[in-house]
Amino acid sequence: MSPFRKNIIEVENLSKYFGNLKAVDNISFKVEKGSVFAFLGPNGAGKSTTIKMLTTLTKPSSGRINIDGVNCLENKSEIRKRFGIVFQDQSLDDELTAYENLNFHAAIYNVPKKLREQRIKFALNLVELSQRKNDFVKTFSGGMKRRLEIARGLIHHPLILFLDEPTLGLDPQTRNKIWEHIEELNQKENMTIFFTTHYMPEAEQMADKIAIIDYGKIIAQGTLAQLKKNTKSTSLEDSFLNLTGRSLREENATSIDRMRMRRRVFRR
Ligand code: ADP
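Residues numbered from 1 in each chain as written. Predicted model: local features only at pLDDT ≥ 70, side-chain atom pairs only at ≥ 80, totals over all residues. Heavy atoms only, no water.

### Points about the nonpolar core
Spelled out, the test is: As used in this record, nonpolar core signifies buried Ala, Val, Leu, Ile, Met, Phe, Trp, Tyr and Cys residues forming a set joined through side-chain atoms within 4.5 Å. Relative accessibility thresholds used throughout: buried, under 20% of the residue-type maximum; exposed, over 50%; partly exposed, between the two (1.4 Å probe, protein chains only). Strands here mean DSSP runs of E at least two residues long; helices mean DSSP runs of H or I at least four residues long; both are numbered from the N terminus.
Ranked by size, the top nonpolar core spans 45 residues in total, and within it Leu-40, Leu-148, Ile-150, Phe-195 and Ile-210 carry the most contacts. In terms of residue count, helix α5 (residues 142-154) provides more of this core than any other element does, 5 residues in total. One finds Val-24, Phe-29, Cys-72 and Phe-83 within the second-largest nonpolar core, a separate group that totals 25 residues.

Given below as structure tokens:
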């Protein structure tokens, strides 16, 4: 990692209230360009609300969000070009083919017509769906749909990919496959990755920095080593437990080991 990297996301004193509920309560953090940032927390902690504010889908009650030097609240359309989103809820059109879904997205994002074919080809290739491009999405498995959503998130060449539980509910093999694609984008395209997950090993193995949110407040942030040191823990799962008093979902040991092996090959 280079000693100096520009911050591509800067969040200051961000809050979101729903009536009396402080869903996000005065949080501040920075994400370096080209890094992988994990945003963790128990259910209802405020992760999705934060992502929705970062991606201009929800208006903050107060605070400042700066993405790639641009104020998010003042320049929504400018900001939207800079990121792709993969949400938990599937939002592909089942009645269209994989190709048609991507082409539609490219049109919405004003990707020039002459570039569309090339971008769609690249994205389908990356997620290994080229052979299925003319098949209807309704015939795809859950893992294939998630991969197609990742492909769709890339069509407009974003600087940042936001992933809200990208692997939720998928089997360990499919999760690994999805992470391979995400890692490739991070390594080869220098794309910044901001993700949430319930699978601690994903954060442990993939993230350069981790922030933990609970009851709307960020209660810890830093590298894995810093979090473990500060909480006197031997794993992220332990750190999380020490910080929040709760543990996240159990993980499949074989998938952890495989991820660990791959990480060693890929990283630095
Ligand atoms: P997480 O993604 O960490 O599970 P959320 O950001 O979805 O948490 O939710 C944080 C809190 O805000 C929860 O208590 C949730 O019920 C509440 N919340 C989220 N969206 C809304 C909404 N549109 N209206 C009212 N309350 C909401």
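### A closer look at helix α6 (residues 172-189)
What counts here: To estimate the expected span of a helix, subtract one from its residue number and multiply by 1.5 Å. Contacts described as polar in this section are N or O atom pairs within 3.5 Å, which, within protein, must combine one atom able to donate a hydrogen with one able to accept it, while residues neighboring in sequence count only if both atoms come from side chains.
Between its first and last C-alpha, α6 extends 25 Å over 18 residues, near the 26 Å set by a 1.5 Å rise per residue. Listing the buried residues of α6 in full gives Pro-172, Thr-174, Arg-175, Asn-176, Ile-178, Trp-179, His-181, Ile-182, Glu-183, Leu-185 and Asn-186. If you check the start of α6, you find a side-chain oxygen 3.1 Å away from the backbone N of Gln-173, and it comes from Asp-171. One or two positions beyond α6, positive phi appears at Asn-190, with a value near 55 degrees.

### Observations concerning the side chain of Ser-239
Note the cut-off: Contacts are assigned to residue pairs with any non-hydrogen atoms lying within 4.5 Å of each other.
Here Ser-239 is to be found in helix α9 (residues 236-244). Contact partners of Ser-239, with chain neighbours within four places excluded, come to Leu-227, Lys-228, Thr-231 and Ser-233.

### Overview of the site of the ligand
Put simply, the test is: When we say a residue is near a molecule or strand, we mean one of its heavy atoms is within 4 Å of it. Accessible areas in this description were obtained via Shrake-Rupley with a 1.4 Å probe; residue shielding takes into account the shown protein chains only. Lys, Arg, Asp and Glu make up the charged group, whereas Ala, Val, Leu, Ile, Met, Phe, Trp, Tyr, Cys and Pro make up the nonpolar group; the residues left over, Gly among them, are polar.
Taken together, the neighbourhood of the ligand is formed by Phe-18, Leu-21, Ala-23, Pro-42, Asn-43, Gly-44, Ala-45, Gly-46, Lys-47, Ser-48 and Thr-49. At 2.9 Å from an oxygen atom of the ligand is found a main-chain nitrogen or oxygen belonging to Gly-46. At 2.8 Å, a side-chain N or O of Lys-47 approaches an oxygen atom of the ligand. In the complex, the protein chains occlude 57% of the 560 Å² of accessible area that the ligand would expose alone. Those elements that provide at least two residues to the shell around the ligand are β2 (21-32) and α1 (47-54). With 3 residues, α1 is the single largest residue contributor to the shell around the ligand. Of the residues that constitute the shell around the ligand, the class distribution is 5 nonpolar, 5 polar and 1 charged.

### Observations concerning the packing of aromatic side chains
Worth spelling out the cut-off: In this analysis, rings of Phe, Tyr and Trp, with Trp reduced to its six-membered ring, are considered paired at centre separations within 6.5 Å, and the interplanar angle assigns stacked below 30 degrees, edge-to-face beyond 60, and tilted for intermediate values.
In total, this model carries 8 aromatic pairs according to the counting rule given. Consider the rings of Phe-29 and Phe-39, whose centres lie 5.7 Å apart with planes at 40 degrees: the pair is tilted. In this pair, Phe-29 is assigned in strand β2 and Phe-39 in strand β3 (residues 36-40), connecting sequence segments 10 residues apart. For Phe-29, a relative accessible area of 3% translates into the label buried. Note on Phe-39: relative accessible area 0%, which makes it buried. For the ring pair Phe-83 and Phe-162, a centre distance of 5.5 Å and an interplane angle of 80 degrees mean the geometry is edge-to-face. Highlighted residues: Phe-83 in strand β6 (residues 83-86) and Phe-162 in strand β7 (residues 160-164), separated in sequence by 79 residues. Through successive ring pairs, a cluster of aromatic residues spans Phe-29, Phe-37, Phe-39, Phe-83, Phe-162 and Phe-194.

Function cannot be read off these values alone, since they describe shape.
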